[in-house]
Amino acid sequence: MALSNDDLRKLARGESIEVPEQLFSSLNPRGWPDDPDLRRAVDWLKGYAGDDWPRRRLAAFARLHASAVGDLGFDEKGQFFDTGDTLGWYLFLGEAYLDHAWNFEPMYGSRVIPLLKAIGRSLPLIQGISGIDDRVKRLVGAEKRQPNGILFELLVAASYRRAGAAVEFRLETPGQRKTHDLDVTIGGILYAVECKRMQTSGYGEQERMRMRVLWRPASELLEKMGLSVFVDVTFQIPIAEVHERYLLERAEQWLSSKLPSLLWQDDFARGTIGEMDLAPLQSVLETDDVLISGTRVLELLTGRYRRHENHIQGVRFKYGASPRYMHECDQAIVLRWKCLAEASVNAKAKDVVAKLAQATEQLPNDRPGVVHIGLEAVEGDESEAARIARVLRSLEKFDPRDKPLEFVYVHYFLPNSPPEGGWDFEERVDWRRLSGTSRMPLDPAMLVIPADDA
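Reference entry: report on the structure contained in this document. This structure is a prediction, so every number in the text was calculated from the model and none was measured. (Residues numbered from 1 in each chain as written. Predicted model: local features only at pLDDT ≥ 70, side-chain atom pairs only at ≥ 80, totals over all residues. Heavy atoms only, no water.)

With that out of the way, let us pick up the overall build of the protein. Along its length, the protein carries 14 helices and twelve strands. In terms of overall dimensions, the protein is globule-like: its C-alpha atoms have a radius of gyration of 24 Å, near the 22 Å expected for 454 residues. Taken along the three principal axes of its C-alpha coordinates, the protein extends 75 × 55 × 40 Å. Residue pairs at least 24 apart in sequence account for 70% of intrachain contacts in the protein once pairs closer than 6 positions are excluded. (Helix = DSSP H or I, 4+ residues; strand = E, 2+ residues; numbered from the N terminus. Rg over C-alpha atoms; globule rule 2.2 N^0.38 Å. Contact = heavy atoms within 4.5 Å.)

Right, let's get into the nonpolar core. Counting residues in hydrophobic clusters, the biggest one holds 69 residues, and the most contacted among them are Trp44, Trp89, Leu154, Tyr160 and Leu182. What Trp89 contacts, discounting residues up to four positions off in sequence, is Ala60, Leu64, Phe80, Phe81, Glu105 and Tyr108. Membership of the second largest hydrophobic core comes to 26 residues, among which are Val233, Ile237, Ala251 and Cys339. (Core = buried A, V, L, I, M, F, W, Y, C linked by side-chain atoms within 4.5 Å. Buried < 20%, exposed > 50% of the residue type's maximum accessible area, 1.4 Å probe, protein only.)

A separate point is the environment of Asp37. Note on placement: Asp37 falls in helix 2 (residues 36–49). Taking C-alpha positions, Asp37 is 49 Å from Leu248, a pair spaced 211 residues apart along the chain. Once residues lying within four places of it in the same chain are set aside, the contact partners of Asp37 are Leu116, Lys117, Gly120 and Arg121.

Before going further, it helps to spend a moment on the packing of helix 9 (residues 202–224) against helix 13 (residues 342–361). One way to put it is that helix 9 packs onto helix 13 with a least axis distance of 8 Å and a crossing angle of 135°. It follows from the interaxial angle that helix 9 and helix 13 lie oblique. Contacts between helix 9 and helix 13 pair Gly202, Tyr203, Gly204 and Glu207 from the former with Ser344, Ala347, Lys348 and Asp351 from the latter. For the contact of helix 9 with helix 13, the residue count by class is two nonpolar, three polar and three charged. (Axes fitted to C-alpha atoms, helices over the stretch in contact; angles between N-to-C directions. Parallel < 35°, antiparallel > 145°, perpendicular 65-115°, else oblique. Nonpolar A, V, L, I, M, F, W, Y, C, P; charged D, E, K, R; others polar.)

Moving on: the pairing of strand 3 (residues 189–197). Taken residue by residue, a regular strand's side chains alternate between the two faces of the sheet. Extensive coverage of strand 3 is indicated by the burial of seven of its nine residues. Pairing geometry for strand 2 (residues 182–186) and strand 3, over five bridges, is antiparallel. Considered in strand 3, the bridge of Leu182 is made with Val193. Here strand 2 folds back onto strand 3, and the loop between the two strands holds two residues, one of which, Gly187, carries a positive phi near 65°. The pairing of strand 3 with strand 10 (residues 369–376) spans six bridges and is parallel. The residue of strand 10 that forms the bridge with Cys195 is His372. (Pairing = 2+ DSSP bridges.)

Turning our attention to helix 12 (residues 295–302). Counting buried positions along helix 12 yields six of eight residues, so the element is predominantly enclosed. Restricting attention to buried positions, one finds in helix 12 the residues Thr295, Val297, Leu298, Leu300, Leu301 and Thr302. On its buried face, helix 12 sits against helix 5 (106–121), strand 4 (229–235), helix 11 (279–285), strand 7 (290–291), strand 8 (310–319) and strand 9 (325–339). Positive phi shows up at Gly303, right after helix 12, with a value of about 90°.

What follows is about the sheet that holds strand 11 (residues 405–416). Spatially, six strands are ordered 1-2-3-10-11-12 in an open sheet, and the strand pairing comes out mixed. Two strands in the sheet have a free side with no partner beyond their single neighbour: strand 1 (166–169) and strand 12 (424–433). Averaged over neighbouring strand pairs, the angle between their axes works out to 20° when direction is ignored.

In the structure shown here, the tally under the stated rule is 13 aromatic pairs. Their ring planes at 5° and their centres at 5.4 Å tell us that Phe81 and Trp89 sit as a pair that is stacked. As far as the burial class goes, Phe81 and Trp89 line up, both buried. Taking the centre distance of 5.9 Å and the plane angle of 40° together, the rings of Phe413 and Phe425 count as tilted. In this pair, Phe413 sits in strand 11 while Phe425 sits in strand 12, placing the two residues twelve residues apart along the sequence. Stacked on the ring of Tyr108, the Lys or Arg Arg111 has its end atom at 4.5 Å from the ring centre. The ring of Tyr246 is capped by Arg250, whose NZ or CZ atom sits 4.8 Å from the centre of that ring. (Phe/Tyr/Trp six-rings, centres within 6.5 Å; stacked < 30°, edge-to-face > 60°. Lys NZ or Arg CZ within 6 Å of the ring centre and 35° of its normal.)

The structure is reproduced here in C-alpha cells:
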C-alpha cells in the first residue's frame, strides 16, 4: 500500500493529499488476462461520468481502505462503500478487476462484475435502442445512488433486442405519474414492459440488523475473555421474537459447562457453540496475507464455506502490506446464522408480490403488459428454496385487476465469491401467464449468463 493509514483517514475525511497514479494502473507486463466484455461496459459508463470519474474513483478507494482501519464512523449497516454513489462503487470494482486487482473487493464484486460483463457483451444491441442516452445519463447521474433498476432495464431490453424485437425506452418527465419502462414490439404485438429490480429484501435487512443487536453482548463477553469461538445457529422463530439475552445466555451456558463445545435445541433455535481452531488460518498466514472480510477467511476459521449464509465476524489481527489483509491473527469470533421460520420466509416472498403490484399499477390499460422482476437470491440456499416456492404460489393467485397484464417473469441472480478466488454466478428464471392467449413474447432466457453457458 503506497499510502499510510493517516493518508487513508485524511482521504476518508475529504482532505486533499497526493495519490500515486500507480494505485489505479495495471502491472507491466500485465499479470492477469483482460476481459473485453467487462472493459467495454466499464469504459462506456465511465465515458458518461466524464472528467468527474477520477474524483469518484478516489472517493470509492478511500472509503474501501479507510473502512479497514475503522475510521468511517459506519452506519449501523456496516457498509464500506458510499451509498450516495453506488454506481461509482460498481465502476470502481469493474475497473479494479481489470486494471488494479489489489483494490478489488471479491464478495461484492461477484454481484457486480457478471452484470457489467453482460452489458458489455450486449452493448451493440443496447446502444441502438431509442432513449438509451437519457437512461444512461440518469444512471450515472441522478440514479447513481440506486443504479440496480436501470442496469436491470438494460439487461431486459438487450434480451428483447436479441429476440428480434423493436425496443424503445420511454422518457420520464419529472413530476408526472410514472409509467412503464419499455415499449416492445415483437410478433406484431406492441407490449408495455415494466422492470422492477428489488434491492436486498427489506425484511431480510431487518433480520440482519436485529442479529447484530442480539449478538453484541455475547461477542463482547467472549472478546474480553480472549477466546476464539464459533457459533452456528438456526432459528425456528422470527428473529424479531428472539429476546435480547438469548445468545448471551447460550454463551454463558457453554462457559459454565467447561466443555469444548455445547449443542442445544429449544423452542427458539438449535445450535452449537465452541472453541475455534485458529491453526488452519495461522498456517496460511505464515506464507500469505488473507483478505480480512473474504470467504477464504471464513472457510479457514469455520472449516467450511457455505454459500449465502449470514456471518458476523470479529478478528484481532495485524495487517500486512494493506489494511484490508491480515498478516497475523490471534483471536477470532464468528457467528453463522439463518432463520427458517415460516413467517420469515413468507415475509421475504411478500416483498416480491408487493413489487409486482407496484409494477402493475404503472402499466397502461390499452395494451398487453409484461412485468420483469429481478432479485438476488442470497438469503441462504434453504431459505431461498422455500421463498421461491412461496413466490410461485403467490403469482398463481395474483389479481392484476383491470390491467391487461399477460406475463410475469421473475429473474433470480445467485452471485458467489468462492474461497479459492474469482467469482461464479447462477441465474434462474420463472414465469407465469396471468391473462391472454398470445405466444409468450420472450422465451425465459437468461439475462446475465451467455446462452452458450446456460
